[in-house]
Amino acid sequence: MDDLSFEVQAGQVFGFLGQNGSGKSTTIRMLLSLIHPTSGQIEIFGKRIEKDREAILEQVGAIIERPDLYPYLSAREHLELFAKVRKQKIGEADINATLGKVGLAHRAKDKVQTFSLGMKQRLGIGIALVHNPSLIILDEPTNGLDPQGIADIRQLIQYLAKEEGKTVLVSSHLLSEIEQVAHQILIIHQGKKMVEGVTKELLDPEKRIVQIKTTDDANALKVIAAGSFSNYLLSRSEGIYLKIPTREIPLLNESLVKAEVALLGIETKNSLEDYFLQITSNA
Amino acid sequence: MWSLIKVELYKIFSRPRTYIAFGAIAALIVVIQLGLKIDGDSYASFLMKDINDTLTVDGKVLNGYLICYILLQLLLVHVPLLVALIAADMISGEANLGTLRLLFTTPYSRTRWVLAKFIAASIYTILLLIWLAFLALFVSMWIFGTDDLFLMKSNYVVLIEQNDVLWRYVGAFVFASFALLTVTSLGFLLSSLSSNSIGPIVGTMSAIVFFTILSTLNIPLFTLVKPYLFTTHMNNWKEFFDIQVNANNEAITGSILNIPKIKTSIVVLTLHIILFVSASIIIIKKKDILS
């Protein structure tokens, strides 16, 4: 990591983005004192991790990369064991509530060796939540989950932040998921901070990136170049892309139809994905 | 701290591998006891054949006390290998599973976790020894009965009255616990250096074999290091069965021939335990948890 500095606001979801090998997991390991930084300092809840490690970790729940668990223990046994190593009292009701929250109540007594990757991921999140932490650090929490599982985790993150006031730091390669839940995002590349800010401000909701699909791209480009849309045209070899104000998308559609361009569709692209690619490819 | 130890014990005793050692010890002891029960008289005759002309021994030579001694001689060499199966897996096994990071992100220091793991592995070792004692001593006493303990050493014989035997076994088992805890701590140290279990398990076994050979070889070069090797001291539980004699060459009940030797061995073994566990703590504290 190289001079990485960022702040996470309490009660918000913080999206932590970067390509594979960019240093996301290394950063998270440093936050959890699994790796010792060579220099610099980390403060969580206003306390320094090297001095108040135990007090800080009492209020933190985390999953890191893979959901590695004990194959010979059941889901309930995992939660019971990790409840025992917390200083506050965690009862049977709390464990049942956590199992319900991560959708594993019906498999509570089954050994983890019979679980799918998605179920292990959910149990990993359950372990992170069982002691009701203030800060939840989720490193790739949707890895191995099916679409329904991903949606469930998204809802859970939103619930934890909105309803329970938790601070959630989440890293993921599923940018659309981050875009939907994160108040703030940080993009890192090769260990360096590329950009940090409020998601809405960074993504400029007034403008959308759209891809125009036609059977005759040359004709479509003529229409765009002739009209007022030429300024929005993005230089891309893989198709016709425009960064266009949202309100002008119907006008663009109308112009193309009037010019009898054989239109297959106008697709609004994922803006965070586009932004991410733009940031990291320029680095 | 107790909650961490309970967690570690729960994990140890939830794994099928843990019971292999208990099963192996039970199987070995039962087979030997069965063999001696069926053909014990021939074995006793074989033992006594060299001294039958000069010495007459009354009573039952092949009694529960002698059987236990024979079993301990056989098994206390191999039990360390069974101890290594668990001790050498305590940290490396978790590193391999990836669960070490789950433990080290709880609000307890790494030192506490390492100590809790060592204490849990030690409890397993002691339970294994108690199991061995129960089967080798008490079951043998029940099957073969009790009488005076007659032992043949390399160039002399020892006869210990039956009412003077049991406490010696208690002493021998307490001593053996120090010896096995040294193996536990060695396995633990190697475990802290690795991210898979096979290396530390094989490493512990190899170290025991290697140092045992050094301890038994009478080469002057090795004589210098022998007193400092833990393997030199591991078999000194036998000292509890060497007895002092008076001027008439009569055994002195309740006596031990060489108490300083036992004390020295316990000190050396304890120092090894402290050294190995301290080194494990230092290594784990400095280690970056990447797995």
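Throughout this document, residue positions are counted from 1 along each chain, in the order its sequence is written. The naming scheme follows written order: chains are lettered A onward, ligands numbered 1 onward. Two thresholds apply to this predicted model, a pLDDT of at least 70 for residue-level local features and 80 or more for giving and counting side-chain atom pairs, whereas whole-chain, interface and lining totals are computed over all residues.

### A short note on the overall build of chain A
Quick note on the threshold: Note on conventions: DSSP H or I runs of at least 4 residues are helices, E runs of at least 2 residues are strands, and numbering of each starts at the N terminus. Burial is judged by counting other C-beta atoms within 10 Å of a residue's own C-beta: 20 or more means buried, 12 or fewer means exposed, and anything between counts as partly exposed, with every C-beta placed from the backbone. Contacts are defined on C-beta atoms placed from the backbone: any two residues whose C-beta positions lie within 7 Å are in contact.
Scanning chain A from N- to C-terminus turns up 11 helices and 12 strands. Seen along its three principal axes, the alpha-carbon backbone of chain A occupies a region of about 70 × 45 × 30 Å. Counting over 283 residues, chain A shows a buried share of 39%. In chain A, 71% of the contacts between residues at least 6 apart in sequence involve partners at least 24 apart.

### Side note on the overall build of chain B
When helices and strands are tallied, chain B shows 12 helices and two strands. Reading chain B from its N terminus to its C terminus gives the helix and strand order α-α-α-α-α-α-α-β-β-α-α-α-α-α. With the C-alpha coordinates aligned to their principal axes, the bounding extent of chain B is approximately 70 × 40 × 30 Å. Sorting the 291 residues of chain B into buried and exposed places 40% on the buried side. A separation threshold of at least 6 residues defines the contact pool for chain B, and within that pool the share at least 24 residues apart is 78%.

### A word on the sheet that holds strand E11 (residues 240–245) of chain A
All names here are of chain A. Where we set the bar: Between any two strands, at least two bridges found by DSSP are needed for them to pair. Every angle, taken between N-to-C directions, lies between 0 and 180 degrees, and every axis is a line fitted to C-alpha atoms, over only the stretch in contact when it is a helix.
Strand order in the open sheet formed by four strands is E10-E11-E9-E12, and the pairing between neighbours is antiparallel. Either end of the sheet is taken by a strand with one partner, and the two such strands are strand E10 (233–234) and strand E12 (263–268). Inspection of the sheet shows strand E9 (residues 207–214) paired to E12 by five bridges, in the antiparallel sense. For Gln211, the partnering residue across the bridge sits in E12 and is Glu267. Where helix H10 (residues 249–258) meets the sheet, its contacts fall on E9, E11 and E12, and the angle it forms with E12 comes to roughly 165 degrees.

### Brief notes about helix H9 (residues 198–216) of chain B
All names here are of chain B. Put simply, the rule is: One less than the number of residues in a helix, times 1.5 Å, gives the span that helix is expected to have. Note: the arc covers the axis-to-C-beta directions of the helix.
In a regular helix each residue adds 1.5 Å, so 19 residues correspond to 27 Å; H9 covers 27 Å between its end C-alpha atoms and thus fits that length. Looking at H9, one finds that the buried residues are Pro200, Ile201, Gly203, Thr204 and Ile208. Within H9, the buried residues cover an arc of 165 degrees as seen down the axis, which keeps them to one side. In H9, those exposed residues whose orientation departs by more than 90 degrees from the buried face are Ile198, Ser206, Phe210 and Ile213. Elements in contact with the buried residues of H9: helix H4 (79–87), helix H5 (92–97), helix H8 (166–192) and helix H11 (230–234).

### Digging into the packing of helix H7 (residues 110–144) of chain B against H8(B)
Axis angle and axis distance: for two packed helices, these are the angle between their axes and the distance between the axes, and together they describe the pair. Residue and element names in this part refer to chain B. Spelled out, the test is: Put simply, a crossing is left-handed when the front helix is turned counterclockwise from the back one by less than a right angle, and right-handed when it is turned clockwise. Asp, Glu, Lys and Arg are counted as charged, while Ala, Val, Leu, Ile, Met, Phe, Trp, Tyr, Cys and Pro are counted as nonpolar; the rest, among them Gly, fall into the polar class.
Two elements in contact, H7 and H8, have axes whose closest approach is 9 Å; the angle formed by their N-to-C orientations is 145 degrees. The element H7 and its partner H8 pack so that their crossing is right-handed. Taken together, the residues of H8 that come into contact with H7 (itself represented by Phe118, Ala121, Ser122, Thr125, Ile126, Leu129, Ala133 and Leu137) are Tyr169, Phe173, Ala176, Ser177, Leu180, Leu181, Thr184, Ser185 and Phe188. The residue makeup of the contact of H7 with H8, split by class, is 12 nonpolar, five polar and no charged.

### Some points on the domain arrangement of chain A
What counts, and what does not: Note that the domain bounds reflect an automated or database-derived domain assignment.
Structurally, chain A comprises domain 1 (13–202) and domain 2 (205–282). Centre-to-centre separation of domain 1 of chain A and domain 2 of chain A, based on C-alpha positions: 38 Å.

### Points about the sheet that holds strand E5 (residues 135–139) of chain A
Residues and elements named next belong to chain A. Strand order in the open sheet formed by six strands is E4-E5-E6-E1-E7-E8, with mixed pairing between adjacent strands. Edge strands, defined here as strands with exactly one partner in the open sheet, are strand E4 (60–63) and strand E8 (192–198). Here the average twist between neighbouring strands, direction ignored, is 15 degrees. Relative to strand E6 (residues 167–171), E5 is paired through five bridges, and the arrangement is parallel. The residue of E6 that forms the bridge with Ile137 is Leu169. With respect to the sheet, helix H5 (residues 117–129) is in contact with E4 and E5, its orientation differing from that of E4 by roughly 165 degrees. In the packing of helix H6 (residues 147–162) onto the sheet, contacts are made with strand E1 (13–18), E5 and E6, and the angle to E6 comes to roughly 150 degrees.

### A short note on the nonpolar core
Grouped burial of nonpolar side chains is what soluble globular proteins tend to show. Applied cut-off: We call a set of buried Ala, Val, Leu, Ile, Met, Phe, Trp, Tyr and Cys residues a nonpolar core when their C-beta atoms link them within 7 Å.
With 137 residues, the main nonpolar core has A:Ile137 and A:Val168 as its most contacted residues. The dominant element in this core, judged by the number of residues it contributes, is H7(B), at 15 residues. In this structure, this core is formed jointly by two domains, domain 1 (13–202) and domain 2 (205–282) of chain A, each of which donates at least three residues. Contacts of A:Val168, omitting those with residues within four sequence positions, involve A:Val13, A:Phe14, A:Ile136, A:Leu138, A:Ile157, A:Leu160 and A:Ala161. Among the nonpolar cores identified, the runner-up in size contains 11 residues, and A:Ile209, A:Val210, A:Ala220 and A:Leu252 belong to it.

### Points about the interface of chain B and chain A
Reports often express the size of an interface as the amount of accessible area lost when the parts come together. Contacts between the two partners involve 21 residues from chain B and, on the opposite side, 21 residues from chain A. Residue assignment for the side of chain B that touches chain A shows that the elements contributing at least two residues are helix H1 (2–12) and helix H6 (100–104) of chain B. Ranked by residues supplied to the side of chain B that touches chain A, first place goes to H1(B) with six residues. Each residue belonging to the side of chain B that touches chain A can be placed in one class, and the counts come to nine nonpolar, seven polar and five charged.

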